[in-house]
Amino acid sequence: MYNYKEKIKNYFSDTCSLLRILVIWLVAGTVIGAVVGVTGVAFHYSVDVLTEVREKHRWIIFLLPIGGILIAYLYSKAGMEKDKGTNAVILAIRENEELPFRTSVLIFVSTVITHFLGGSSGREGAALQIGGSMAASAGRKLKLGEKERKILVMCGMSACFSALFGTPVTAAIFSIEVISVGIMHYSAVIPCVISAITAFEISTFFGVEPTSFSVMSVPELSQITVIKVIPFSIVCGLVGRFFCFVIHRIKHILAGYIENRYIRVIVGSCIVIAMTLVIGDQTYNGAGGAVISGCFSERQAFYMWAVKLLFTAVTLGCGFKGGEIIPAFFVGASFGSFASEFFGINFSFGAGLGLIAVFCGATNCPIASLLMSIELFGVEAIPYFALICGISYLISGDTGLYGEQKIMYSRKMPEFINKTLNDKKTVK
């Protein structure tokens, strides 16, 4: 006989359990978002204020070797000479490796030093490490279980990314997708979204402007334009692949030839200073946000993307800190702005396509890339951005910025491969 009372009892018990989990993650996401959001705001203004100081006093760049030595010393003193950067955050979630609180302090200070003295880097690497390590520390203090701590780390990543970029939806999904591409932990969606929204609101309250760009001309959806976008997407995907190759290769070359970290950072600093003097200005130092914005208002020179890539690869390869995403924006937008007209595409629209394509190819996060295109440019060109994300993800191959990132399913076929980018062999 069918037991209605037992079924109703189980139904209400299950519902109460789910509501309890919902409340817990809403509270946890809000708290993490608030704490990390405030830290993200402090980080944003620290970088911005000191960057303005450097731009007014161009001679500060000659202090770059001293800053590099200081960064190397700080990491050595903290016992983190073999720091894995953003890969450490990925491993903390996937392999439950410890992510110490000092990571957030070190990356905060070292990234500020890098930007202040003229190194070419971004902020997202710092954001993911700051948010992730702060949340991991909170999880340990609260004595949460292994699975709960993993979700909390993703919340921290989402919060700091959102506070700096002003893209809460992208921040939440990126923090989930970047860990294991092909499998997303949907259980982390609610806490990550609420954490990202909270951090976004806090950053907005303190006057941090959300990242956004204005494309001058978006073509109507047509077969002719799609035919133009396809080959352009392939080329941009190859640029994204080349971006990752150069970043990793120069790092390996510098580490291979110069084992001493202090000498390595001095040599790298001198190279950056020399390149800056040859260029004659500091267009390629720092993050380069002004140049990225300029890509949407006028066509850029053919060499700009390559020069920025070289500046960033040397800066990060010799031991300075920060991230690769904003430089990837620079490379993608400047390349797209220049190259798009060869494909019959408006340069401003091409800059947007290029920015998203290189970001997607470098991070292997097509869903987050599509969401970022919406938050940065609006919904008008969604079909084109969806197309370029798909093509860029395919063309980028088994490359990416984060070697510990795991690709769960083949990008070629519906086949389970369970492979990290560092793996030489595929695990079936």
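Residues numbered from 1 in each chain as written. Predicted model: local features only at pLDDT ≥ 70, side-chain atom pairs only at ≥ 80, totals over all residues. Heavy atoms only, no water.

Engineer: I'd like to hear about the overall build of the chain, residue by residue, with values.
Structural biologist: Helix and strand counts for the chain stand at 16 helices and 3 strands. Its C-alpha atoms give the chain a radius of gyration of 22 Å, within 12% of the compact-globule value 22 Å for 428 residues. When the backbone C-alpha atoms are referred to their principal axes, the chain occupies close to 85 × 60 × 50 Å. Counting contacts in the chain only where the partners sit at least 6 residues apart, residues at least 24 apart contribute 76% of the total. Of the charged side chains in the chain, 35 are positive and 28 negative; the average position of the first set lies 8 Å away from that of the second. (Helix = DSSP H or I, 4+ residues; strand = E, 2+ residues; numbered from the N terminus. Rg over C-alpha atoms; globule rule 2.2 N^0.38 Å. Contact = heavy atoms within 4.5 Å. Lys, Arg positive; Asp, Glu negative; His and termini not counted. Charge placed at Lys NZ, Arg CZ, Asp CG, Glu CD.)

Engineer: Lay out the environment of glutamine 129 in plain terms, naming residues and giving numbers.
Structural biologist: With respect to the helices and strands, the residue glutamine 129 is situated in helix H5 (residues 124-141). In sequence terms glutamine 129 and alanine 188 are 59 residues apart; their C-alpha atoms lie 18 Å from each other. Contacts of glutamine 129, omitting those with residues within four sequence positions, involve Asp83, Gly85, Thr86, Val89, Thr103, Ser104 and Ile107.

Engineer: Describe the environment of alanine 42, listing the residues and the values that go with them.
Structural biologist: By the element assignment, alanine 42 lies in helix H1 (residues 4-56). Under the relative-accessibility criterion, alanine 42 is labelled partly exposed at 36%. Sequence-wise, alanine 42 and phenylalanine 206 are 164 residues apart; in three dimensions their C-alpha atoms are separated by 9.6 Å. (Buried < 20%, exposed > 50% of the residue type's maximum accessible area, 1.4 Å probe, protein only.)

Engineer: Give me the lowdown on the sheet that holds strand S2 (residues 406-409), citing residues and values where you can.
Structural biologist: One open sheet accounts for 3 strands, arranged S1-S2-S3; its pairing is mixed. Both edges of this open sheet fall to strand S1 (180-181) and strand S3 (416-420), since each of them pairs with a single strand only. The pairing of S1 with S2 spans 2 bridges and is classified as parallel. Across the sheet, serine 180 pairs through a bridge with lysine 406, a residue of S2. (Pairing = 2+ DSSP bridges.)

Engineer: Please provide a residue-by-residue account of the packing of helix H9 (residues 223-257) against helix H12 (residues 304-317), values included.
Structural biologist: Working note: a packed helix pair is described by the angle between its axes plus the distance between those axes. Close contact between H9 and H12 brings their axes to 8 Å; oriented N to C, the two are set at 35°. When the axes of H9 and H12 are compared, the crossing they make is right-handed. Between H9 and H12, the contacting residues are Val239, Phe242, Phe243, Val246, Ile247, Ile250, Lys251 and Leu254 on the first element and Trp305, Leu309, Leu310, Thr312, Ala313, Val314 and Gly317 on the second. Here the contact of H9 with H12 is composed, by residue class, of 12 nonpolar, 2 polar and 1 charged. (Axes fitted to C-alpha atoms, helices over the stretch in contact; angles between N-to-C directions. Left-handed = near helix turned anticlockwise from the far one by under 90°. Nonpolar A, V, L, I, M, F, W, Y, C, P; charged D, E, K, R; others polar.)

Engineer: Pulling in residues and values, what's your account of the confidence of the model for the chain?
Structural biologist: When pLDDT is averaged along the chain, the result is 92; 98% of the residues meet or exceed 70. Residue range residues 424-428 is modelled with pLDDT below 50. Its contacts to residues more than four positions away, or to other chains, number 8 contacts. (pLDDT = per-residue confidence, 0-100.)

Engineer: Quick one: what's the story with the pattern of salt bridges, residue by residue and with numbers?
Structural biologist: Inspection of every chain in the model, using the stated rule, returns 8 salt bridges. One salt bridge connects glutamate 341 with arginine 299, and the closest N-O pair in it is separated by 3.7 Å. Placement of the pair is glutamate 341 in the loop between helix H13 (325-339) and helix H14 (347-363) and arginine 299 in the loop between helix H11 (289-294) and H12, with a sequence separation of 42 residues. Residue arginine 299 is classed as partly exposed on the basis of its relative accessible area of 35%. We note a salt bridge from arginine 411 to aspartate 398, for which the minimum N-O separation is 3.8 Å. You can see arginine 411 sitting in the loop between S2 and S3 and its partner aspartate 398 sitting in the loop between helix H16 (382-395) and S2, a full 13 residues away along the chain. (Salt bridge = Lys/Arg side-chain N within 4 Å of Asp/Glu carboxyl O.)

Engineer: I'd like a rundown of the pairing of S3, residues and numbers included.
Structural biologist: When S2 meets S3, the two strands line up antiparallel, connected through 3 bridges. Among the inter-strand pairings, tyrosine 409 is bridged to a residue of S3, identified as phenylalanine 416. Here S2 folds back onto S3, and the loop between the two strands holds 6 residues.

Engineer: Which residues make up the packing of aromatic side chains, and what are the values?
Structural biologist: This structure, assessed with the given rule, holds 22 aromatic pairs. Relative to phenylalanine 342, the ring of phenylalanine 338 has its centre 5.4 Å away and its plane inclined at 70°; by these criteria the two rings are edge-to-face. Where phenylalanine 349 meets tyrosine 384, the ring centres are 5.5 Å apart and the plane angle is 75°; that geometry is what we call edge-to-face. Here the residue phenylalanine 349 occupies a position in helix H14, and tyrosine 384 occupies one in helix H16, the gap between them amounting to 35 residues. The pair phenylalanine 349 / tyrosine 384 is uniform in exposure class, with both members buried. (Phe/Tyr/Trp six-rings, centres within 6.5 Å; stacked < 30°, edge-to-face > 60°.)

Engineer: Outline H13, listing residues and values.
Structural biologist: Working note: α-helix, 3.6 residues per turn, so residues spaced by three or four point in the same direction. Taking 1.5 Å of rise per residue, 15 residues should cover 21 Å, and H13 covers 20 Å from first to last C-alpha, within 8% of that figure. For H13, the buried fraction is high: 14 of the 15 residues fall into the buried class. (Expected span 1.5 Å × (residues − 1).)

Engineer: Explain the side chain of serine 269 to me, using residue names and the numbers behind them.
Structural biologist: Among the secondary structure elements, serine 269 is positioned in helix H10 (residues 261-279). Sequence-distant contacts of serine 269, that is, excluding residues within four places in its chain, are made with Leu64, Pro65, Cys318 and Phe320.

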